[in-house]
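Close look at the chain arrangement
Here is what each chain is made of, one letter per residue.
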Amino acid sequence: MFTNEQKELEEYCQSLYKEELKYLKVSNQIKQTLPKVAKFTSKKKQKLNKSLQNLLQLHNQANVVVDKKIEIASKSLQITQNLLKQIVAQELSRELPLFPGKSLPPQLCGKIRPKENYIAQPGDLVCAAISNNLGNVDWILCHIKSFTAEKQEYCLVDFFDENNLGPIYHTIKRNRVIPLPTSLSLHHLPSTEFEINSKVYAMYPNTTTFYPAKVLSTPGNRRTSTFQTYYYILEFEGDTVPNHDIYSRWVIPTPKQL
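In what follows, the accompanying structure is described. Given the structure is predicted, the values throughout are model-derived calculations rather than measurements.

Quick notes on the overall build of the chain
Along the chain, the regular secondary structure elements total two helices and twelve strands. When the helices and strands of the chain are read in sequence order from the N terminus, they spell out α-α-β-β-β-β-β-β-β-β-β-β-β-β. Among the 258 residues that make up the chain, the fraction classed as buried is 35%. Considering only residue pairs separated by 6 or more positions, the chain has 56% of its internal contacts joining residues 24 or more positions apart. In the structure as shown, the chain presents an accessible area of about 16,500 Å², 55% of it carried by carbon and sulfur atoms.

Below you can see the structure in the form of structure tokens.
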């Protein structure tokens, strides 16, 4: 739907542009004849005025149509983008691989952090500290495009830009990137799950931004429910909704202060 509407709008604007080129050509021809207007008969003057009025009217009508088209397309793009956010969040929230052992879980299993020299690979999901227009830092969902060892910098792709401008890339230092869990513990090992009342960061529902939250219940406490087995109950700071079910993949330790 997004592609067809964008293509339709582009074709329509191109056709309008061609029409306006015609009108511009006529207008230029008229301007060239203006020095001779004194020689025109009264009838020819009236015809010229009428042509100019018609041209202005057509131009105004074209502007109205284009503005309306852009308004409709913008609303459609916003709706499409919101739907895409929900779809992607649902797809990415499919169960992660489960570590079957009862000891020594691997790095990035639940809350376990990777080794200090760990480098995320292209395509890996991460939470990244991105400076916004107000000079503050937002922790947002990105995926890795590449890593430059010499500069210790990642090139990241923002999962969703808010301006419908296509992919947005960020180049940031490694210490501003937190890899997300790549597996969970089948047996709910304490070393892999945040404790009740722990302070964490988690991705707020239907967004791609991580916010501070407190753990009210852990996945290990909810194993009686199949759907909720690997979900936390979290309370986000300053939220009017008392609690949310958040999949373990989207829960990380509170980032160090930058």
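We are not done yet, so read on.
Here we look at the packing of aromatic side chains
Inspection of every chain in the model, using the stated rule, returns five aromatic pairs. Taken together, a centroid distance of 4.8 Å and an interplanar angle of 50° make the contact between phenylalanine 147 and tyrosine 154 tilted. In this structure tyrosine 154 comes out as buried when scored by relative accessible area, which is 2%. Taking 4.9 Å as the distance between ring centres and 70° as the angle between the ring planes, the aromatic pair formed by tyrosine 204 and phenylalanine 236 counts as edge-to-face. Note that tyrosine 204 is positioned in the loop between β8 (199-203) and β9 (209-217) and phenylalanine 236 in strand β10 (residues 231-236), a separation of 32 residues in sequence. Residue classification places phenylalanine 236 among the buried residues on the basis of a relative accessible area of 3%. Ring pairs connect the aromatic residues Tyr204, Tyr211 and Phe236, which therefore count as one cluster.

Digging into the nonpolar core
Within the largest apolar cluster, 27 residues are counted, with the highest numbers of intra-cluster contacts made by Leu180, Phe210, Leu234, Trp250 and Val251. Residue assignment for this core shows that the elements contributing at least two residues are β2 (125-131), β3 (137-148), β8, β9, β10, β11 (244-247) and β12 (251-253).

Concerning unusual backbone geometry
The backbone phi angle of asparagine 197 is positive, close to 75°, even though this residue is not glycine. Phi at asparagine 206 takes a positive value of approximately 60°, unusual for a residue other than glycine. Mapped onto the secondary structure, asparagine 206 falls in the loop between β8 and β9. Given a relative accessible area of 56%, asparagine 206 falls into the exposed group.

Let's talk about the pattern of salt bridges
On inspection of all chains with the given rule, the structure shows two salt bridges. Across the pair lysine 173 and glutamate 153 runs a salt bridge whose closest N-O atoms are separated by 3.5 Å. Note that lysine 173 is positioned in strand β5 (residues 169-173) and glutamate 153 in strand β4 (residues 153-158), a separation of 20 residues in sequence.

Focus: the pairing of β4
Most of β4 sits inside the fold, with six of its six residues counted as buried. Across the two faces of β4 the burial is the same, with Glu153, Cys155 and Val157 and Tyr154, Leu156 and Asp158 all buried. Here β3 hands over to β4 after four residues, with glutamine 152 in that stretch at a positive phi of 55°. With five bridges joining them, β4 and β5 adopt antiparallel strand pairing. Note on β5: the bridge partner recorded for glutamate 153 is lysine 173.

What counts and how
Counting restarts for each chain: residues are numbered from 1 in the order of the written sequence. Given that this is a predicted model, residues contribute local features only at a pLDDT of at least 70 and side-chain atom pairs are listed and counted only at 80 or more, while totals for whole chains, interfaces and linings are drawn from all residues. Computation of side-chain values: all heavy atoms of the structure, hydrogens and water removed. Runs of H or I in DSSP of at least four residues are treated as helices and runs of E of at least two as strands, each being numbered from the N terminus. Each residue is assigned to one of three classes by its accessible area relative to the maximum for its type, calculated with a 1.4 Å probe on protein chains only: buried under 20%, partly exposed between the two thresholds, exposed over 50%. Residue contacts follow a heavy-atom distance rule, with two residues in contact if any of their heavy atoms lie within 4.5 Å. Exposure was quantified through the Shrake-Rupley algorithm and a 1.4 Å probe, taking into account, for residues, occlusion by the shown protein chains and nothing else. Classification of ring pairs uses Phe, Tyr and Trp, with its six-membered ring standing for Trp, and accepts pairs whose centres are within 6.5 Å; under 30 degrees between planes counts as stacked, over 60 as edge-to-face, and the remaining range as tilted. For our purposes a nonpolar core is just a set of buried Ala, Val, Leu, Ile, Met, Phe, Trp, Tyr and Cys residues, chained together by side-chain atoms within 4.5 Å. Salt bridges are defined as contacts in which a side-chain nitrogen from Lys or Arg sits within 4 Å of a carboxyl oxygen from Asp or Glu. Two strands pair if DSSP finds at least two bridges between them.

Read these as layout, nothing more, since geometry by itself doesn't imply function.
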